[in-house]
Structures are given as structure tokens and as C-alpha cells.
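Each chain, letter by letter, is given below.
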Amino acid sequence: GDAGRNFKHSLLFYGIDALAPGYAARCAELNVPFRAVRKRRGLDAAAVGRATSALEELRPDVVLLHSPSLALPVRAWCLARGASLVGVDHTCNGVKARGDWVRAFLAHRLAETTVVLTEPHRRELRRAWGRFAGAESRVAVIGNGIDVARFASQPRLAGARRVFGMHSRFTP
């Protein structure tokens, strides 16, 4: 992260769900400017326009793109404004439908770099896209991390069981 606050952050929330109140509160607490664009399911040209207008207001130097459906308009915005585009592919390859693969590939080709969470994910993309993937150096593995200064191991209690969970939204 940016613990030293060396960068000016801003966020653009884009999706079919309303912005969670906790996100707005956290942005206010951290003094991070943000815009939220709610879209309809499927192609929503008006929402894409609102998203690029929000980028124009926020004016980032680097866009970390988590929504591959916005790859083309965001790349066009970046080219016009001299900004960099970094794609993030964290959707499990095993649940990607054909359209998801197409959008992920397009986002990868339009981005200067694509970030994935694991080395196996990178290998799966390379295997799926083959020679069309471009230079191997354009895919960076940056795993999710834990702030060990904030979260430390606790002694295990006798008989205690561990429960692991994952929060995510799966869409058909």
C-alpha cells in the first residue's frame, strides 16, 4: 500500500450495485475523492459515458482497471490524457464464461501491464491466450497481502476450529 501517503488516490466505483455506504464513509475518512457510477446489466453506453466523465473529473495519472468491460473507453481516455492503464484480472479463470475471457483478453492487450494475484493464474492466462498474450513481462503477479504489523497470529486455543471464508460476487 501507500502507507507513507506518497500518492494522491481517487476511486471510481462502477457496477450494477449501489455504492455500499461503508465505501463512501471510508473514502471520506481517508479524504479520498471518489465518484460512483451505477450501470444497468449488459452494455450500458450512458454509464460508460458517466464513467469517462468521472475520470475527467478525477484526472488520475494511472488507472487500475478492475472492470474489463471498460477497457476500451478507459484506454481511449488514458491515451487522450497521457495516463497509464494497468489492468487487474482477479476473476477465477475456472468460472470465466466466453465473454469474460474476451473482455479479459481485450483489457490485457489494451493495458500496459496486467496484474494477477498468483503465478498459477498467470500460467493459465498464458496457456489460454498463447502467442496472442504478448510479452510475458506485461503480466505482473502481485499477491494479496496482509499487514503483519496490524494483524498478528494468535495462539491457537485447544479444540478451536478455523473457519475460512471468501466474500465475492459470482455472476452467471
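Structural data are supplied above this passage.
Residues numbered from 1 in each chain as written. Predicted model: local features only at pLDDT ≥ 70, side-chain atom pairs only at ≥ 80, totals over all residues. Heavy atoms only, no water.

J.: Looking at this structure, how should I read the pattern of salt bridges?
T.: Between side chains of opposite charge, a pair can form when the charged atoms approach closely. Under the defined criterion, the tally for this structure stands at nine salt bridges. Residue arginine 35 is joined to glutamate 57 by a salt bridge in which the shortest nitrogen-to-oxygen separation is 2.6 Å. In this pair, arginine 35 is assigned in strand S2 (residues 34-38) and glutamate 57 in helix H2 (residues 45-58), connecting sequence segments 22 residues apart. In this structure arginine 35 comes out as partly exposed when scored by relative accessible area, which is 30%. In this structure, aspartate 44 and arginine 40 form a salt bridge, with 3.7 Å as the shortest nitrogen-oxygen distance. One continuous salt-bridge network, built from bridges that share partners, spans Glu56, Arg59 and Arg81. (Salt bridge = Lys/Arg side-chain N within 4 Å of Asp/Glu carboxyl O. Helix = DSSP H or I, 4+ residues; strand = E, 2+ residues; numbered from the N terminus. Buried < 20%, exposed > 50% of the residue type's maximum accessible area, 1.4 Å probe, protein only.)

J.: Just to check I follow, could you spell out H2 for this structure?
T.: One turn of an α-helix holds 3.6 residues; hence residues three or four places apart share an orientation. Between the first and last C-alpha of H2 there are 20 Å, a value that for 14 residues agrees with the 20 Å anticipated at 1.5 Å per step. Buried residues of H2: Ala47, Val48, Ala51, Ala54, Leu55 and Leu58, and no others. Looking straight down H2, one finds its buried side chains confined to an arc of 120°; they lie on one side. Facing away from the buried surface of H2 by more than 90 degrees, the exposed residues are Ala45 and Glu57. If you follow the buried residues of H2, they end up packed against strand S1 (11-15), S2, strand S3 (62-65) and helix H3 (71-81). Where H2 terminates, the next one or two residues include arginine 59, which has phi positive at roughly 50°. (Expected span 1.5 Å × (residues − 1). Arc of directions from axis to C-beta. Contact = heavy atoms within 4.5 Å.)

J.: Help me understand the packing of H2 against H3 in this model?
T.: When two helices pack together, their arrangement is given by the angle between the helix axes and the distance between those axes. Put simply, H2 and H3 touch, their axes get as near as 10 Å, and they point 30° apart. Between H2 and H3, the interaxial angle falls into the category roughly parallel. The two elements H2 and H3 meet at a crossing, and its hand is right-handed. Residues Val48, Thr52, Leu55 and Glu56 of H2 lie in contact with H3, whose contacting residues are Pro73, Val74, Trp77 and Arg81. Of the residues in the contact of H2 with H3, the class split is five nonpolar, one polar and two charged. (Axes fitted to C-alpha atoms, helices over the stretch in contact; angles between N-to-C directions. Parallel < 35°, antiparallel > 145°, perpendicular 65-115°, else oblique. Left-handed = near helix turned anticlockwise from the far one by under 90°. Nonpolar A, V, L, I, M, F, W, Y, C, P; charged D, E, K, R; others polar.)

J.: Hey, could you run me through the pairing of strand S5 (residues 113-116) in this one?
T.: Regular strands place side chains that alternate from one sheet face to the opposite one. By the bridge criterion, three bridges tie strand S4 (residues 84-88) to S5 in an arrangement that is parallel. Across the sheet, residue valine 86 finds its bridge partner in S5, namely threonine 113. With respect to chirality, the unit in which S4 leads through helix H4 (residues 98-110) into the neighbouring parallel S5 is right-handed. As paired elements, S5 and strand S6 (residues 139-141) share three bridges and run parallel to each other. When the bridges of S6 are listed, threonine 114 appears paired with valine 139. (Pairing = 2+ DSSP bridges. Right-handed = clockwise from strand over helix to strand, strands pointing away.)

J.: Looking at this structure, how should I read the sheet that holds S3?
T.: The strands making up a sheet associate through hydrogen bonds between their backbones, and the pairing can be parallel or antiparallel. An order of S3-S4-S5-S6 is seen for the four strands of this open sheet, with the pairing classed as parallel. Edge positions in the open sheet fall to S3 and S6, since each of these has one partner strand only. Sheet twist, expressed as the mean angle between neighbouring strand axes with direction ignored, is 25°.

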